[in-house]
Amino acid sequence: MSVRLPIILVAAFLCALPLRAASADPAALLTTLRIPEMIAVMQDEGIAYGDELEEQLFPGAGGARWDEAVARVYDEPALLERFQSAFAARLAADPQAMDQIAGFFGTDRGQQILILEIEARRALLDEAVEEAAAVSVDDMRARDDPRLALLERFATANDLIEQNVSGALNANFAFYQGMSDGGAFDGAKMTEADMLAEVWAQEPDIRAETESWLYPFLALAYKPLSDADVEAYLAFSESEAGRAMNAAMFAAFDEVFRDISRDLGRAAAEMLSGQDI
């Protein structure tokens, strides 16, 4: 079982007049970054993932009880509160970086990029769109499209593959811990070492899934942008402020997804044992 972490991106500093003044307030920065909208997409992804878990663990037996449990785990206000707390704890000590980040994302271009990312992520919830995006990337690779090479540079600079693989491994381990807490392994005697071994055995598949999702996402999201825009995005991601934001975003989402996965594991275990959840 695996949980796909959000693809966390940092933005380039593109020259444009700001829509609003930069602010060293983490809560205001989250609004500028459109994090509430991203959390809403995460909630939709979580509901879909809950359906997958039901099919794997207790096909056709979850019903309204399981749907309610998944909805509680992916409660949008709670997710936003968890993320805000974790994000602020890691970035609040660097007001200069927050000012630089807010300075970019408060621009017309910065807001356009955020909207494109959110729209692409929501679009990829549709299996047909995801398949079409994957075919498009295969075509780009077959003709050695320079845009794909640029996207690969962007992914490498932001460590998107490694960070997402690491986050997924952490989330899966937390899921097993939740299953254990819920009594799912009492008869199987699954130790923490067993859980770690099981999670690490999934690493190649998680890496392949991350790569197969990431590049279609990047290609779809940034298709309306010029190469110069993406190059500028890449330049900012390599700046001190960009690296600080990237680290804070990944750390915050990692914490949120570990909590989510542990809660899901516990709820799944209680479903399997017939307890109230």
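Structure's up top.
Quick summary incoming for the structure in this document. (Residues numbered from 1 in each chain as written. Predicted model: local features only at pLDDT ≥ 70, side-chain atom pairs only at ≥ 80, totals over all residues. Heavy atoms only, no water.)

A look at the packing of helix α2 (residues 35-57) against helix α6 (residues 108-123)
- Interaxial distance between α2 and α6 falls to 10 Å at its minimum, and their mutual angle equals 10 degrees. In terms of orientation, α2 and α6 fall into the roughly parallel class. Counting all contacts with α2, which are made through E37, M38, A40, V41, D44 and E45, the residues of α6 involved are I118, R121 and R122.
- Grouping the amino acids of the contact of α2 with α6 by side-chain chemistry returns four nonpolar, no polar and five charged. (Axes fitted to C-alpha atoms, helices over the stretch in contact; angles between N-to-C directions. Helix = DSSP H or I, 4+ residues; strand = E, 2+ residues; numbered from the N terminus. Parallel < 35°, antiparallel > 145°, perpendicular 65-115°, else oblique. Contact = heavy atoms within 4.5 Å. Nonpolar A, V, L, I, M, F, W, Y, C, P; charged D, E, K, R; others polar.)

Details of the pattern of salt bridges
- Within the structure shown, the criterion is met by 16 salt bridges.
- For R141, the salt bridge identified is with D138, shortest N-O distance 3.8 Å. With R141 and D138 both in helix α7 (residues 127-142), this residue pair falls three residues apart, about one helical turn.
- Residue D138 is classed as partly exposed on the basis of its relative accessible area of 46%.
- Salt-bridge contacts for D145 lead to R143; the nearest nitrogen and oxygen are separated by 3.1 Å.
- R143 gets classed as exposed once you look at its relative accessible area, which sits at 52%.
- Through salt bridges with shared partners, a single ionic network connects R82, D181, D263 and R266. (Salt bridge = Lys/Arg side-chain N within 4 Å of Asp/Glu carboxyl O. Buried < 20%, exposed > 50% of the residue type's maximum accessible area, 1.4 Å probe, protein only.)

This is a description of form; function is not addressed.
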